[in-house]
Amino acid sequence: PALLLIAASFQVHAQIKEITFGKIPQEDLEMTEYLPDISADAIILENHAKTVLSSKEDILVITDCHVRIKIMNTDGLDYANVEIPYGGDEKIYGLKAASYNLEDGSVVQTLVDRKSLYYEKTSNYRNTLRFSVPNVKPGTVIEYRYTHESTDYFSLYSFKFQEEIPVMRCTFRVEFPEYFDYKFVTGGDFHNIIYRYERRKISFGSSFMDGFEGSWTGSNIPAFREEPFSTGSEDYYSQIGFELSKINIPGYYFEDVSPTYPKLSELLMKRTDFGGYLSQSSAVKKKAEEIKAQGGSETEILRRIFTYISEYMMWNGSSHFTSTESMSKIYKEARGNSADINLMLLAMLRIAGLQADPVIFSTRENGMVNPVFAIIQRFNNVAVVASADGKQYIIDATDPLRPFNMLPLECLNGEGWLVRNSGG
């Protein structure tokens, strides 16, 4: 479960292990097995990140990341294919990557050609940087570093201490001005993560001011092992995230920005790809009225509209809680993501006079939502809650072969948030 970390009753200077690109310890290159987990295909030797707030024209969240991976056997060669996901309005720059091998007692470095970097727009909201590290074989050490830039100072940066392979050493450090008050939201096992903090002068914009610096360090963190029948692994990885609670500049400005679910409903209904999409229901008005005119009970009308949408629309395999294009364009193309389809279904049900509302949620793979903090990044899908003849149904129209009152297995993941103008 999510846990709010309150500053501990001690203050010490954060001791961060600094590593330099290209300087690989001899013992890491010579390592032939990792005693805490001799079955590991690869090991994360180092995983370090530092996040700071920077003030220019906008407030930017700048995170420097540095990773080293040891390939232990041929099954670990896939870790030479690196994927770095980032938001649609975020940036990745300054990437440098290389492999290191011991050959006749000498260290041979092979750099990644920048021309081989592949930037892919995976959705309207997500991008992925992909690259392959060359000259990799059992015994190789892979290293890469980059800078991640975001304008989302409400959520700062999320850091995972635990991965699907063992982590030998990791450190995450964050610093921000005292004007910003953040909640620390953690998940997973933290018993071998050491937290330290101090109050000190930090750089922000063109001046120095009082601020907070926190560090979390870990060593010999075991690989995460997925268990059968469990919900998404994101619920159980050791990790930390942040949510802005308030901004307080004494004598000048104060704002309580704690993310609440009623605020989330208000935000979504103002978005052009959610509330604005629903307001474009004229695209399906004629068809909805035709189906209603066939008569029958509310349940029969519900079933007919569901059958029509699920058979007419083709799901593109992408799950999200916001639409990709205008409803008229989606309806004409007869293809879209889960939001394009289910929000269109919702619009038709309302035209037919049925009570229907969207419910946003997180799939099993994505992890469970936090019932306390309305973290919009935790949601990745939407379904429809509809009432007919005194009964309530949760429906999803992405698969014409699935009964109208049955959700996909991937969607059975605890709670969702029912979005309504009144709060939800």
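Check the entry above for the structure.
Residues numbered from 1 in each chain as written. Predicted model: local features only at pLDDT ≥ 70, side-chain atom pairs only at ≥ 80, totals over all residues. Heavy atoms only, no water.

1. Re the side chain of D28
Stage number 1. As for its position among the elements, D28 is in helix α1 (residues 26-30).
Stage number 2. Classification of D28 by relative accessible area gives buried; the value is 3%.
Stage number 3. With sequence-adjacent residues up to four places away left out, D28 is seen in contact with L45, K70, V141 and R169. (Helix = DSSP H or I, 4+ residues; strand = E, 2+ residues; numbered from the N terminus. Buried < 20%, exposed > 50% of the residue type's maximum accessible area, 1.4 Å probe, protein only. Contact = heavy atoms within 4.5 Å.)

2. Focus: the sheet that holds strand β8 (residues 126-132)
Stage number 1. Strand order in this open sheet of three strands is β4-β8-β7, and the pairing throughout is antiparallel. Every other strand in the sheet has two partners, leaving β4 (81-87) and β7 (118-121) as the edge strands with one partner each. Neighbouring strand axes in the sheet, compared pairwise and without regard to direction, differ in orientation by 20° on average.
Stage number 2. Bridge analysis of β4 against β8 gives seven bridges, and the strand direction is antiparallel. Bridged to P85 within β8 is T128. (Pairing = 2+ DSSP bridges. Axes fitted to C-alpha atoms, helices over the stretch in contact; angles between N-to-C directions.)

3. Side note on the packing of aromatic side chains
Stage number 1. Going through the model one piece at a time under the given rule, you end up with 29 aromatic pairs.
Stage number 2. With a centroid separation of 5.0 Å and an interplanar angle of 15°, the aromatic rings of F159 and F172 are classed as stacked. One end of the pair, F159, is in strand β10 (residues 159-160); the other, F172, is in strand β11 (residues 167-177), with 13 residues separating them in the sequence. You'll find F159 and F172 in the same group, each marked buried.
Stage number 3. Ring centres 5.1 Å apart and planes at 45° place the aromatic pair Y312 and Y331 in the tilted group. You can see Y312 sitting in helix α5 (residues 298-312) and its partner Y331 sitting in helix α6 (residues 327-333), a full 19 residues away along the chain.
Stage number 4. Residue class for Y312 comes out partly exposed when judged on its relative accessible area of 31%.
Stage number 5. Taking NZ or CZ as reference, K160 lies 3.8 Å from the ring centre of Y237, over its face. (Phe/Tyr/Trp six-rings, centres within 6.5 Å; stacked < 30°, edge-to-face > 60°. Lys NZ or Arg CZ within 6 Å of the ring centre and 35° of its normal.)

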